[in-house]
Amino acid sequence: MIGDLFTRWAGEASAHAGQVDLLVLGFTLLVAALSLPVFVLMVVFALRYRRGRAANRRHPINRNVWIEVSWAIIPFVLIVVFFVWATSLYVDIYHPPDDAIDIQVEAKQWMWKFQHPGGQREIDELHVPAGQPVRLTMASQDVIHSLYVPALRLKRDVVPGRYVSMWFTADKPGDYVMTCAEFCGTDHSTMGGRLVVMAPADYARWLAETDVDRSLAAQGAALFRRAGCSGCHGAAATVHAPPLAGLYGRPVPLDDGSVVTADDQYIRDSILLPQAQIAAGYPRIMPTFRNILDEAQVLQLVAYIKSLANDPPSSQSPADDHPAGGRPPVEQGR
Ligand code: HEC
Ligand SMILES: [Cu+2]
């Protein structure tokens, strides 16, 4: 019972967790090794030179340069070792592998909503396969939240207005605590749930058993039409708007002369803050969808535009050709 509670909170659910624990343990030992001598000597001297004790207090000058140099250099080298060690771990957690499963996360008062690439949704529960990297792309609908999974030794603030991502490879099937680590209002303490790590075969079964209306990209395709995007970006549109096929991941020249990469954040901002970055050669006519679409819907649109990434950039529209097939066609014109 206690053991189970301990595993859910503090167990090591990934290789990364083990590395973090090792780092923290190592650093604790280093700090102990550097500070213990100081405290031991304090006690020894306090006893030896206490008032009324006969001791030699003449204090002759007794210098040894090598001792003085060594007690500066040795701790310095040790601390640099820890700096390099910790930094390499840090760099690691900011570089998700390319083959990671992309899961979209929407945080709001007071719940965590997850959506798998196949469209499976869940609230306050996240099912993932063991041994496979998972990347969470997270957005907040209201205030700052922070997704914290102690067993993964990972925590990331989810700040409104931008996407943050976090990745991990859980390797031990089990049930782990997930919580919000940023005070976010009255029900903050109830905002949490569980991370369920499953054997890959169980995960596949779970995906198959969970009802899906449509995949994330297909929901985005429908929304693309419903929200009126296709009226400008569609083939039949008379408006001069950039084609979105093949956009994802490519460099985009902007009208101020700079070039940005069309990643998730760029696409999100193009939809919610269209005036902030204007694609070179196009008029500033795209309206903002800020108060029209919520973060979950924007995540769907991003997934849809991403799904067009491998289509050849055509001069017309994403709705034109779908060599990959299987993607629901976007209705053209409005
Ligand atoms: C009134 C016409 C219009 C509508 C409606 C419209 N857009 Fe746009 N969109 C544009 C124009 C024009 C640009 C290029 C200028 C700019 O960057 O703002 C653009 C730019 C973009 C870009 C950046 C493309 C690039 O090549 O850099 C994305 C992504 C985008 N729109 C997505 C959408 C989505 C998704 C919707 C629906 C929610 C939408 N647009 C609705 C006209 C429109
Ligand atoms: Cu919260």
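Residues numbered from 1 in each chain as written. Chains lettered and ligands numbered in written order. Predicted model: local features only at pLDDT ≥ 70, side-chain atom pairs only at ≥ 80, totals over all residues. Heavy atoms only, no water.

With that settled, the discussion passes to the coordination of the iron atom of ligand 1. Around the iron atom of ligand 1, the protein contributes the donor atoms His233 (NE2) and Met286 (SD), which lie 2.0 to 2.1 Å from the metal centre. Considering all six donor atoms around the iron atom of ligand 1, the spread of angles at the metal, 87 to 179°, places the coordination shape in the octahedral class. Of this pair, histidine 233 sits in helix α6 (residues 230-233) while methionine 286 sits in the loop between α7 (264-272) and α8 (295-307); the two residues are 53 residues apart in sequence, bridging distant segments of the chain. Take methionine 286: its relative accessible area is 28%, and that puts it in the partly exposed class. (Donors = N, O, S within 2.8 Å, 3.2 Å for Na, K, Ca; no water. Tetrahedral: all angles 85-135°; square planar, octahedral: opposite > 155°, others 65-115°. Helix = DSSP H or I, 4+ residues; strand = E, 2+ residues; numbered from the N terminus. Buried < 20%, exposed > 50% of the residue type's maximum accessible area, 1.4 Å probe, protein only.)

Moving on, we come to the side chain of arginine 156. By secondary structure assignment, the location of arginine 156 is in strand β7 (residues 154-158). No salt bridge is formed by the buried arginine 156; its nearest oppositely charged neighbour, aspartate 157, is found at 7.4 Å. Once residues lying within four places of it in the same chain are set aside, the contact partners of arginine 156 are Ile93, Tyr94, Met138, His145, Ser146, Leu147, Val164, Ser165 and Met166. (Lys, Arg positive; Asp, Glu negative; His and termini not counted. Salt bridge = Lys/Arg side-chain N within 4 Å of Asp/Glu carboxyl O. Contact = heavy atoms within 4.5 Å.)

The subject of this paragraph is the domain arrangement of the protein. Here the protein is described as being made up of domain 1 (1-50 + 96-212) and domain 2 (216-307). On a C-alpha basis, the centroid separation for the pair domain 1 and domain 2 is 32 Å. Counting residues at the interface gives 18 residues for domain 1 and 14 residues for domain 2. Taken together, domain 1 and domain 2 are joined by one salt bridge. Two residues, lysine 306 and aspartate 102, come together in a salt bridge whose shortest N-O distance is 3.7 Å. The tally of links from domain 1 across to domain 2 stands at five residue pairs in polar contact (both at pLDDT 80 or more). Broken down by secondary-structure element, the contributors of at least two residues to the side of domain 1 that touches domain 2 are β1 (101-108) and β5 (134-140). For the side of domain 1 that touches domain 2, the class distribution of residues is four nonpolar, nine polar and five charged. (Domains from an automatic or database assignment. Polar contact = N/O pair within 3.5 Å; in protein donor to acceptor, adjacent residues only side chain to side chain. Nonpolar A, V, L, I, M, F, W, Y, C, P; charged D, E, K, R; others polar.)

Bringing the coordination of the copper ion (ligand 2) into the picture now. At 2.0 to 2.6 Å from the copper ion (ligand 2) lie its protein donor atoms, namely His145 (ND1), Cys180 (SG), Cys184 (SG) and Met191 (SD). Considering all four donor atoms around the copper ion (ligand 2), the spread of angles at the metal, 90 to 126°, places the coordination shape in the tetrahedral class. As a motif over one chain, the donors of the copper ion (ligand 2) read H-x34-C-x3-C-x6-M. Residue cysteine 180 is found in strand β9 (residues 174-180), and its partner methionine 191 is found in the loop between β9 and β10 (192-198); the two are separated by 11 residues along the sequence. By the burial criterion, cysteine 180 is buried, and methionine 191 matches it.

Turning next to the nonpolar core. Core analysis: the largest hydrophobic core is formed by 35 residues, its most contacted members being Trp112, Leu136, Phe168 and Leu195. With residues near it in sequence (within four places) discarded, phenylalanine 168 still touches Val128, Gln132, Pro133, Val134, Leu136, Leu152, Leu154 and Leu195. By size, the runner-up hydrophobic cluster in this structure holds 26 residues, among which are Tyr163, Ala221, Leu254 and Tyr304. (Core = buried A, V, L, I, M, F, W, Y, C linked by side-chain atoms within 4.5 Å.)

Take the sheet that holds β9 next. With respect to topology, five strands assemble into an open sheet ordered β4-β10-β9-β6-β7, the strand pairing being mixed. Two strands close off the open sheet at either side, each with one partner strand: β4 (125-129) and β7. Going across the sheet, the axis of each strand differs from the next one's by a mean of 20°, ignoring polarity. Where strand β6 (residues 145-149) and β7 come together, five bridges link them in antiparallel fashion. Note on β7: the bridge partner recorded for leucine 147 is arginine 156. (Pairing = 2+ DSSP bridges. Axes fitted to C-alpha atoms, helices over the stretch in contact; angles between N-to-C directions.)

What follows covers α8. The end-to-end C-alpha distance of α8, which contains 13 residues, comes to 18 Å, matching closely the 18 Å that a straight helix rising 1.5 Å per residue would cover. A large share of α8 lies buried, amounting to 10 of its 13 residues. Restricting attention to buried positions, one finds in α8 the residues Glu295, Val298, Leu299, Gln300, Leu301, Val302, Ala303, Tyr304, Ile305 and Lys306. On its buried face, α8 is in contact with β1, β2 (111-115), β3 (121-123), β5, α5 (216-226) and α7. Looking at where α8 begins, the residue whose side-chain oxygen comes 3.1 Å from the main-chain nitrogen of alanine 296 is aspartate 294. (Expected span 1.5 Å × (residues − 1).)

So, on to the pattern of salt bridges. Counted by the stated rule, this structure contains 12 salt bridges. Across the salt bridge formed by glutamate 295 and arginine 268, the nearest N and O atoms sit 2.7 Å from each other. Of the two residues, glutamate 295 sits in helix α8 while arginine 268 sits in helix α7, which places them 27 residues apart along the sequence. Comparing glutamate 295 with arginine 268, the two get one shared label, buried. Several salt bridges share partner residues, and in doing so they unite Arg8, Glu125, Asp175 and Arg194 into one network.

Moving on: the sheet that holds β2. For sheets, the rule is that strands pair by backbone hydrogen bonds, running either parallel or antiparallel. Strand order in the open sheet made by the five strands is β3-β2-β1-β5-β8, with mixed pairing throughout. Looking at strand neighbours, the two that pair on one side only are β3 and β8 (164-168), the edges of this open sheet. On average, adjacent strands in this sheet sit at an angle of 25° to one another, irrespective of strand direction. As defined by bridge partners, β1 adjoins β2 across five bridges and the pair is classed as antiparallel. Residue pairing for β2: glutamate 106 is matched across the bridge by lysine 113.

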